[in-house]
Structure formats: structure tokens, C-alpha cells
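# Understanding the architecture of this molecule
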Amino acid sequence: MDELEVNHVDEIKDKLAQMVGERVKVKANMGRTRVIERMGTVKTVHPAVFIVEVNERRGRTSRQSYQYVDVLTGTVELSDPESGEHIFTPLGNQSDEH
């Protein structure tokens, strides 16, 4: 990983640390055309992963962990549950400012 990517991962981590307790919509690409969309609450932030508590069927909850690098690459997308607006822009989708 180059220095630029490390800085972006730190930015994602810092922003998620500020969002602990907030609701988010998570869209995770699990590979082989399997995409999971869930609503949950950002619970905790760790050095390499963050935890989202998700409401399951019949009132049960589960905790899902995701890596910051997956958010950076767009494998995991986080968006505002109300507006649907993306919270982070994947690395490949950023416009050049040159």
C-alpha cells in the first residue's frame, strides 16, 4: 500500500469513529454476484476493522465487521439511510483535480 492509500484509510477510520451510534446502510459485495444490503448502527472502531450492528429477522441483532480497505476500494459501500447518499467515495471513482 502506498502512502496515499494509508492516508485515505486513516480518514475513513476517523470519520467512522465520529459516526459511532449512527445508522448506516451497508452494501457489501461478497463475490460471485452476491451482494448483501443491510441497515445497521456503527458500534465500534478498531485499528483494522469497524463493527456494524445489524437488525435481523424476528428482532434479533448480529454484528458484522468490515475492513476500512474494503470501504476504500468500494467492496463495501456505506450510505445515509435517509437520503441514500454515499458517505465515502471509492478510490477508483474520485475525480482528478489536475
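Use the structure listed above.
Residues numbered from 1 in each chain as written. Predicted model: local features only at pLDDT ≥ 70, side-chain atom pairs only at ≥ 80, totals over all residues. Heavy atoms only, no water.

### A closer look at the overall build of the protein
What the protein contains, in helices and strands, is two helices and five strands. Its helices and strands in sequence order give the protein the pattern α-β-β-β-β-α-β, from N to C terminus. A total of 98 residues make up the protein; the buried ones form 28% of that total. Residue pairs at least 24 apart in sequence account for 35% of intrachain contacts in the protein once pairs closer than 6 positions are excluded. For the protein, the accessible surface area stands at approximately 6,900 Å², while carbon and sulfur atoms represent 43% of it. (Helix = DSSP H or I, 4+ residues; strand = E, 2+ residues; numbered from the N terminus. Buried < 20%, exposed > 50% of the residue type's maximum accessible area, 1.4 Å probe, protein only. Contact = heavy atoms within 4.5 Å. Areas by Shrake-Rupley, 256 points an atom, 1.4 Å probe, with all protein chains shown as cover.)

### Side note on the environment of Val49
Structurally, Val49 can be placed in strand E3 (residues 49–55). Residues Val49 and Ser65 lie 16 residues apart in sequence; the distance between their C-alpha atoms is 6.2 Å. Sequence-distant contacts of Val49, that is, excluding residues within four places in its chain, are made with Ser65, Tyr66, Gln67 and Tyr68.

### Thoughts on empty space enclosed by the protein
To find leftover empty space, a probe the size of one water molecule is rolled over the atoms. Per the stated rule, a full pass over the model turns up one cavity of 30 Å³ or more. Within this model, the largest cavity holds a volume of roughly 40 Å³. No other element matches the three residues that strand E5 (residues 76–79) contributes to the lining of the largest cavity. Split by residue class, the lining of the largest cavity holds five nonpolar, two polar and one charged. (1 Å grid on protein atoms, 1.4 Å probe; cavity = no way out; pocket = protein on both sides within 12 Å on 5 of 7 lines; lining within 4 Å. Points joined across faces, edges and corners; volume = space filled by probe spheres on them. Nonpolar A, V, L, I, M, F, W, Y, C, P; charged D, E, K, R; others polar.)

### Things to note about the sheet that holds E5
Ordered by their spatial adjacency, five strands build an open sheet running E4-E3-E2-E1-E5, and the pairing between neighbours is antiparallel. Each of the sheet's edge strands pairs with one partner strand only, and the pair in question is strand E4 (61–67) and E5. Adjacent strand axes in the sheet meet at a mean angle of 40° when their direction is disregarded. With seven bridges joining them, E3 and E4 adopt antiparallel strand pairing. Paired with Ile51 across the strands is Ser65, a residue of E4. (Pairing = 2+ DSSP bridges. Axes fitted to C-alpha atoms, helices over the stretch in contact; angles between N-to-C directions.)

### Things to note about the nonpolar core
By size, the foremost hydrophobic cluster in this structure holds 19 residues, and its most contacted members are Leu16, Val24, Phe50 and Leu78. Contributing elements (two or more residues each) for this core: helix H1 (3–18), strand E1 (23–29), E3, helix H2 (68–73) and E5. Not counting the four nearest positions on each side in its chain, Leu78 is found in contact with Leu16, Val24, Lys25, Val26, Phe50, Val71, Glu85, His86, Ile87 and Phe88. (Core = buried A, V, L, I, M, F, W, Y, C linked by side-chain atoms within 4.5 Å.)

### Observations regarding the pairing of E3
Sheet topology note: the strand E2 (residues 35–45)/E3 ladder contains five bridges and is antiparallel. Within E3, the residue paired with Thr44 across the bridge is Ile51. Count of turn residues in the E2/E3 antiparallel hairpin: three residues. Connecting the antiparallel pair E3 and E4 is a turn made up of five residues, with Arg58 showing a positive phi of about 55°.

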